[in-house]
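What follows is the residue order along each chain.
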Amino acid sequence: MNTASAALEATPASTAASKVLEVRDISKSFGGVHAVRGVTFDVREGEILGLIGPNGSGKSTLFNCILGQLTPTSGDVLVAGRSVTGLRPSELNRLGIGRTFQLLQVFPQLTVRENLILAGQEHEGSRFKRLFGPSDSGLTANANRMIDFFRLGHLAEEKAGGLSYGQQKLLDCAMAFMAGPRLVLLDEPAGGVNLTMLGNLKDRLQAINKETGATFIVIEHNMEFVMSLCTRIIVLAEGKIIAEGPPDTIRKNPQVIEAYLGH
Amino acid sequence: MNRNLKIIFGLVLVLVFIAGPADLTGLGIPWPGLKRYGTYILTLWLVTAVAAMGVNLIVGYAGQETLAQAAFLGIGAFTTALLQKAGVPFGLNFLASGVICFIVGIALGFPALRVQKHYLAFVTLAFSVFVWLLIRNEEWLTGGVNGIKDIRRPILLGISLRPALYYYWLVLALTAVLTAAMWWLLRSPWGRAFTALRENAIRAESLGIDVRGYTLMAFAIGSAYAGFAGAMYAPLVEFIDPSPFALGASLQFLLMVVAGGAGSFVGPFVGAVVAVLLPEWLRFAEGYYLIIFAIIVMLLMAFCPTGIVGLFARLTTKARRPHADDKGPSLGGPNLGGDPTAAATTVAGANS
């Protein structure tokens, strides 16, 4: 049993105390289409949770409900025991929840360093204090450390729009971690990334998890990536959870195989 | 351009702006200066550039739309004219014009939280028409089509600024202050947040940026610049009526920003050259000057969509593109370009 699995076997009292995110009976409908149906799960401190499922299974909709991009039709989302349902994404970010998007979302006209400073600046004092403070909000040193950590040092002064796809993916991830979040939701981080860059990305994510104890939820279609990165996996199909457990168990689950292969 | 050259260029520019319109023959320099009309046009260019700076903030940096800048110019001009008639000194008129436009600008920013792009443009267009009708119809306040006449230029430290050159210097000083303030704003974290709104509002929101707050601030500050410009415009022309604040003028402000270079700091000044000075330079063509002006603008937009500043940058800067051989995913593309030893770096410090 690995350490993560051991953590899952913790006593109920300590488990309750270390819940970072609680998703309670979340449903989301678009007219007559029920994209998410009564999904309930918890995420514990330091965990790397995978969220997988075939296309159209409701993963991204669930992400967007958790992150305030969509308002759930019913249900509740709690962060550290506090209900955050209906809060705007910027408010959730300031509560320590970061995210990346399925499609690249960097600011192409800003340099790599400026992208990172931007990603952290709203956590530094009040808006009016920032206006009269230093132009970098005192974040240049932190941005440089993040640039080095994600191995983008030689590109710090380059415009983000001029970076390769894989480098932009790394920058996108680095931005999500710039403010030191306690929970990060990664939406298909491996999508369209070449094998070498993929290894680099996984290595960096595992290092952050180990060093800072940051908690991740990862949506991913790359099974090799998600099985080797995550400590627990939830499988969605037709908006409902059909399986939950460690990667090895999920890999052999007949319901999961059926959902993916459509038998 | 290195730092020293930039400083020398800047000082020369300042000297040219201060002394350019003045008669220097008394100092032994064979330069007779500009005539009264030339000084007036130069002052008008500065006033126009200040209002265009506001549009550049809203459109060029924050990525919103506005067709209401002339309406704010009108609000600023009428505020200054009315307060002056009530005996309020110019300094307070100037501030009041900016503050009123700031507040009304916030109100106009609210629709921007719900609609975007051309829908937002139509909202601001409607506001522009509304303000123009208000100025034209509320005769008891604005004088209606007869406007307000005899708007005096201020007296500063006992010196009357009625001569065109003296008033030019006042406008130049105020423009310098407003330009420095804009430069400082755009270099601050707010400037980065405005750029983030323009480039990707959804991502900006996910990084904790209060998109609503910054959108409202962009509209408020951009509109306040039109208010300040209006406060300088009324004493410049000494008579105001509704006509300079109609929709056409708002479209011209947008043209200035686009032609100069949207999102470029000097773009509004260059755009104001196109809108204010170019038609004057083309007057030799007599009846054809507006046709030639229109053709020049069309050619500019067709061949130079990033504006004159963008064209200049393209001509003077070598296009640099890092790692052109690593574009997009590929199974065999190991070009990380990074230092593998950097793996030893920790992220813990970055978040401390």
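Here the residue index of a chain counts from 1 through its sequence in written order. Both sets of labels track the order of writing: A upward for chains, 1 upward for ligands. Local features are withheld for residues below a pLDDT of 70 in this predicted model, meaning they are given only at 70 or higher, and side-chain atom pairs are given and counted only at 80 or more; totals for whole chains, interfaces and linings count all residues.

Visitor: Lay out the overall build of chain A with the relevant residues and their values.
Guide: Where helices and strands are cited, they refer to DSSP runs of H or I of at least four residues and of E of at least two residues respectively, numbered from the N terminus. What chain A contains, in helices and strands, is 12 helices and 10 strands. We take the radius of gyration over the C-alpha atoms and set the globule estimate at 2.2 Å times the residue count to the 0.38 power. Taking 263 residues into account, the globule formula puts the C-alpha radius of gyration at 18 Å, and chain A, at 19 Å, falls close to it. Along the first, second and third principal axes, the C-alpha atoms of chain A reach 55 × 40 × 40 Å. Here exposure depends only on C-beta density: within 10 Å of a residue's C-beta, 20 or more other C-beta atoms make it buried, 12 or fewer make it exposed, and intermediate numbers make it partly exposed, the C-beta atoms being placed from the backbone. For chain A, with 263 residues in total, the buried portion stands at 49%. C-beta atoms are placed from the backbone for every residue, and two residues are taken to be in contact when these atoms lie within 7 Å. Residue pairs in contact within chain A that sit at least 24 positions apart in sequence constitute 66% of those at least 6 positions apart.

Visitor: Pulling in residues and values, what's your account of the confidence of the model for chain B?
Guide: All names here are of chain B. Values of pLDDT, the confidence the predictor places in each residue, fall between 0 and 100. Here chain B averages 88 in pLDDT, while 90% of its residues score no lower than 70. Ranking the helices and strands of chain B by mean pLDDT puts helix α3 (residues 69-85) first, with 98, and helix α12 (residues 289-303) last, with 83. For residues 321-352, every residue scores under 50 in pLDDT, and the model assigns this stretch 60 contacts once sequence neighbours within four places are set aside.

Visitor: How would you sum up the environment of L195(A)? Please name residues and give values.
Guide: Structurally, L195(A) is set in helix α9 (residues 195-212). On a C-alpha basis, the gap between L195(A) and A237(A) in space is 28 Å, while along the polypeptide they are 42 residues apart.

Visitor: If you had to explain helix α4 (residues 90-112) of chain B to someone new, which residues and values would you point to?
Guide: All names here are of chain B. Counted at 1.5 Å a residue, the expected span for α4 with its 23 residues is 33 Å, and the 33 Å between its end C-alpha atoms agrees. Residues F90, N93, F94, S97, G98, C101, F102, V104, G105, L108, G109 and A112 constitute the buried set of α4. On its buried face, α4 sits against α3, α5 (117-137) and α9 (211-237). To estimate how far a helix should reach, multiply one less than its number of residues by 1.5 Å.

Visitor: Talk me through the pairing of strand β1 (residues 19-30) of chain A; I want residue IDs and the actual numbers.
Guide: Residues and elements named next belong to chain A. As judged from the eight bridges shared by β1 and strand β2 (residues 33-44), these two strands associate in the antiparallel manner. Counted as the bridge partner of I26 is V39 from β2. Two strands are counted as paired when DSSP detects at least two bridges linking them. Hairpin connection of β1 to β2: two residues between the antiparallel strands, including G31 at a positive phi of 65 degrees. Here β1 pairs with strand β4 (residues 74-79) via five bridges, running antiparallel. Of the residues in β4, the one forming a bridge with S27 is S74.

Visitor: Provide a residue-level description of the packing of helix α2 (residues 36-61) of chain B against helix α11 (residues 267-281) of chain B, including the pertinent values.
Guide: In a packed pair of helices, the relevant descriptors are the angle between the two axes and the axis-to-axis distance. Residues and elements named next belong to chain B. Running from N to C, α2 and α11 point in directions that differ by 140 degrees, and their axes come no closer than 7 Å. Regarding the angle of α2 to α11, the classification is oblique. Seen along the crossing, α2 lies across α11 with a hand that is right-handed. Side by side, α2 and α11 meet where I41, L44, W45, T48, A49, A52, M53, N56 and G60 of the first sit next to G267, P268, F269, G271, A272, V273, A275, V276, L277 and E280 of the second. Polar here means any residue other than Ala, Val, Leu, Ile, Met, Phe, Trp, Tyr, Cys and Pro, which are nonpolar, and Asp, Glu, Lys and Arg, which are charged; Gly is therefore polar. Of the residues in the contact of α2 with α11, the class split is 13 nonpolar, five polar and one charged. Interaxial angle, 0 to 180 degrees, is taken between N-to-C directions of lines fitted to C-alpha atoms, where a helix line uses only the stretch in contact. An angle below 35 degrees is read as roughly parallel, one above 145 as roughly antiparallel, one from 65 to 115 as roughly perpendicular, and any other as oblique. Left-handed describes a crossing in which the near helix is turned anticlockwise from the far one by less than a right angle; the clockwise case is right-handed.

Visitor: Lay out the nonpolar core with the relevant residues and their values.
Guide: Connectivity within a nonpolar core runs through C-beta atoms within 7 Å, and the core itself is a set of buried Ala, Val, Leu, Ile, Met, Phe, Trp, Tyr and Cys residues. In this structure, L116(A), A174(A), V218(A), V47(B), V50(B), Y225(B) and A229(B) are the most contacted members of the largest nonpolar core, which totals 161 residues. The dominant element in this core, judged by the number of residues it contributes, is α9(B), at 16 residues. Among all residues touching A174(A), those that are not within four sequence positions of it are L116(A), M146(A) and F150(A).

Visitor: Talk me through the sheet that holds strand β5 (residues 82-83) of chain A; I want residue IDs and the actual numbers.
Guide: All names here are of chain A. The antiparallel open sheet is built from four strands, whose spatial order is β2-β1-β4-β5. Edge positions in the open sheet fall to β2 and β5, since each of these has one partner strand only. The pairing of β4 with β5 spans two bridges and is classified as antiparallel. Looking across to β5, one finds that L78 is bridged to S83.

Visitor: If you had to explain the sheet that holds strand β10 (residues 240-245) of chain A to someone new, which residues and values would you point to?
Guide: All names here are of chain A. The strand order across the open sheet formed by six strands is β6-β7-β8-β3-β9-β10, and the pairing between neighbours is mixed. A strand with exactly one partner marks an edge of an open sheet, and here the two such strands are β6 (97-99) and β10. Neighbour-to-neighbour, the strand axes of the sheet open up by a mean angle of 20 degrees, direction not taken into account. Alignment of strand β3 (residues 48-52) against strand β8 (residues 215-219), held across four bridges, turns out to be parallel. Along β8, the bridge assignment pairs L49 with I217. Lying on the sheet, helix α3 (residues 59-66) is in contact with β3, β7 (183-187), β8 and β9 (232-237); it crosses β7 at an angle near 150 degrees.

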